[in-house]
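# Survey of secondary and tertiary structure
These are the residues of each chain, in order.
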Amino acid sequence: MIERIWSGRSWCYIALLPLSALYGLISALRRLSYKWGLKRSWKAPLPVVVVGNLTAGGNGKTPVVIWLVEQLQKKGYRVGVVSRGYGGKSACYPLLVTEKVSTAQAGDEPVLIYKRTGALVAVAPKRAEAINAILNHASVDIVITDDGLQHYALQRDYEIVVIDGIRRFGNGCWLPAGPMRELEGRLKSVNSIIVNGGTPKAGELPMQLKGELAVNLLTGEKRKVRDIPNSVAMAGIGHPPRFFATLQQLGADLQKTHAFADHQSYEQSQLLALTNNQQNLLMTEKDAVKCFQFAQDNWWYLPVHAHFPQEKGEKVLDEICALLPQLDIPRHETPQQS
């Protein structure tokens, strides 16, 4: 229902417009309070890059964060990542993500980023505290924040907005009548606009999320999606239909699909009920990081990677690297394991 309202296919959004006007007023006043110095924002002692979005729901920003971390690591830079940790609840903050930290504590996205990149990842509602936790633990050259475009308590040196190229901004209204955290005009003040799928507009960078080989949660075996028979797909992400469409494009033998809420936590019995003895379960990597401890041999996940036309991706990297000291001899990034 909410998808129909936000996409403009239902007139029910009109009833929510008064709440949206209130949300917009509060949002604007909050941003202006930092701009005018009525509220204090914190400047980190190193460059900060924010990867965020203007809308609620999944747009593909976490794969962009992973891509950016990996590219900077290849150039020899030491990268830290901070996150709010949506879906997680820790007894204390800030929380440094290690192999011993669960998704229940840190949230699924920080754990996913840590496992994929080996970078130092810290979680805290106040991103400044997360950055200080990283700096107190090790020396890094740059911090990437996963989400936080609207977290104006933290100053930033470079802003990237990721847009779902299919849904874009829906009906264009503020929450809750529409999907907007901030209105489209905010794009005029960001450094880069990345469009995930669809057709980018002038000045926007096209990106595709690509994946082909599914990985077995229990054994680590890799197999092409089309070679996994009798599959049931599940996804607990911001926009599950995108994942299901990706599987279909890869030739998956899909029998059923199950959509869960974003950041959904799972129990073994809940997922066992989705398949019978002859079926395989396909899930996103974001879901998989919450399921390894009770995985079954018929459970698979699909890692996806952000892909850009080479010159487009290099443009973003060059602009970010211009904020950093030039390295005479590239350092080899060693994953920060604990």
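Residues numbered from 1 in each chain as written. Predicted model: local features only at pLDDT ≥ 70, side-chain atom pairs only at ≥ 80, totals over all residues. Heavy atoms only, no water.

- If you check an unreviewed UniProt entry, the protein appears there as Tetraacyldisaccharide 4'-kinase from Xenorhabdus szentirmaii DSM 16338.
- Taken directly from UniProt, the Function (unreviewed entry) text for the protein runs: "Transfers the gamma-phosphate of ATP to the 4'-position of a tetraacyldisaccharide 1-phosphate intermediate (termed DS-1-P) to form tetraacyldisaccharide 1,4'-bis-phosphate (lipid IVA)."
- On record in UniProt, under Sequence similarities (unreviewed entry), the comment for the protein is "Belongs to the LpxK family." (UniProt positions renumbered as here; feature names shortened; annotations may be inferred.)

## A look at the overall build of the protein
- When you go through the protein residue by residue, the secondary structure sums to ten helices and 15 strands.
- Relative to the compact-globule value of 20 Å for 338 residues, the protein shows a C-alpha radius of gyration of 20 Å, a close match.
- The principal-axis extent of the C-alpha atoms belonging to the protein is close to 60 × 55 × 45 Å.
- Taken across its 338 residues, the protein has 52% of its residues classed as buried.
- Restricting to contacts in the protein with at least 6 residues of sequence separation, those with at least 24 account for 74%.
- Side chains of the protein carry 38 positive and 30 negative charges; the gap between the two charge centres is 6 Å. (Helix = DSSP H or I, 4+ residues; strand = E, 2+ residues; numbered from the N terminus. Rg over C-alpha atoms; globule rule 2.2 N^0.38 Å. Buried < 20%, exposed > 50% of the residue type's maximum accessible area, 1.4 Å probe, protein only. Contact = heavy atoms within 4.5 Å. Lys, Arg positive; Asp, Glu negative; His and termini not counted. Charge placed at Lys NZ, Arg CZ, Asp CG, Glu CD.)

## Quick look at the side chain of Glu159
- The residue Glu159 is located in strand S6 (residues 158-164) in this model.
- By relative accessible area, which is 7% here, Glu159 ends up buried.
- A polar contact is formed between the side chain of Glu159 and the side chain of Arg156, at a distance of 2.7 Å.
- Reaching out from Glu159, the side chain makes a polar contact with the side chain of Arg186 at a distance of 2.8 Å.
- Contact partners of Glu159, with chain neighbours within four places excluded, come to Val50, Leu149, Arg186, Ser189, Val190, Asn191 and Ser192. (Polar contact = N/O pair within 3.5 Å; in protein donor to acceptor, adjacent residues only side chain to side chain.)

## A short note on the pattern of salt bridges
- Enumeration according to the criterion identifies 19 salt bridges in this entry.
- The partner of Asp141 in a salt bridge is Arg78, with the nearest N and O atoms 3.2 Å apart. One end of the pair, Asp141, is in the loop between helix H6 (127-137) and strand S5 (142-146); the other, Arg78, is in the loop between helix H3 (61-74) and strand S2 (79-83), with 63 residues separating them in the sequence.
- The residue Asp164 makes a salt bridge to Arg167 at a minimum N-O spacing of 2.9 Å. (Salt bridge = Lys/Arg side-chain N within 4 Å of Asp/Glu carboxyl O.)

## Considering the layout of surface pockets
- In this structure, the largest pocket encloses a volume near 910 Å³.
- Residue lining of the largest pocket: 42 residues in total, with Gly60, Asn196, Leu209, Ile237 and Arg242 positioned closest to the centre.
- For the lining of the largest pocket, the secondary-structure elements that each account for two or more residues are H3, helix H5 (108-117), strand S8 (205-210), helix H7 (240-249) and helix H9 (285-288).
- Here the element with the most residues in the lining of the largest pocket is H7; it accounts for five residues.
- Looking at the lining of the largest pocket, its residues break down into 13 nonpolar, 17 polar and twelve charged.
- Here the lining of the largest pocket gathers at least three residues from each of two domains, domain 1 (1-208 + 308-322) and domain 2 (212-303). (1 Å grid on protein atoms, 1.4 Å probe; cavity = no way out; pocket = protein on both sides within 12 Å on 5 of 7 lines; lining within 4 Å. Points joined across faces, edges and corners; volume = space filled by probe spheres on them. Nonpolar A, V, L, I, M, F, W, Y, C, P; charged D, E, K, R; others polar. Domains from an automatic or database assignment.)

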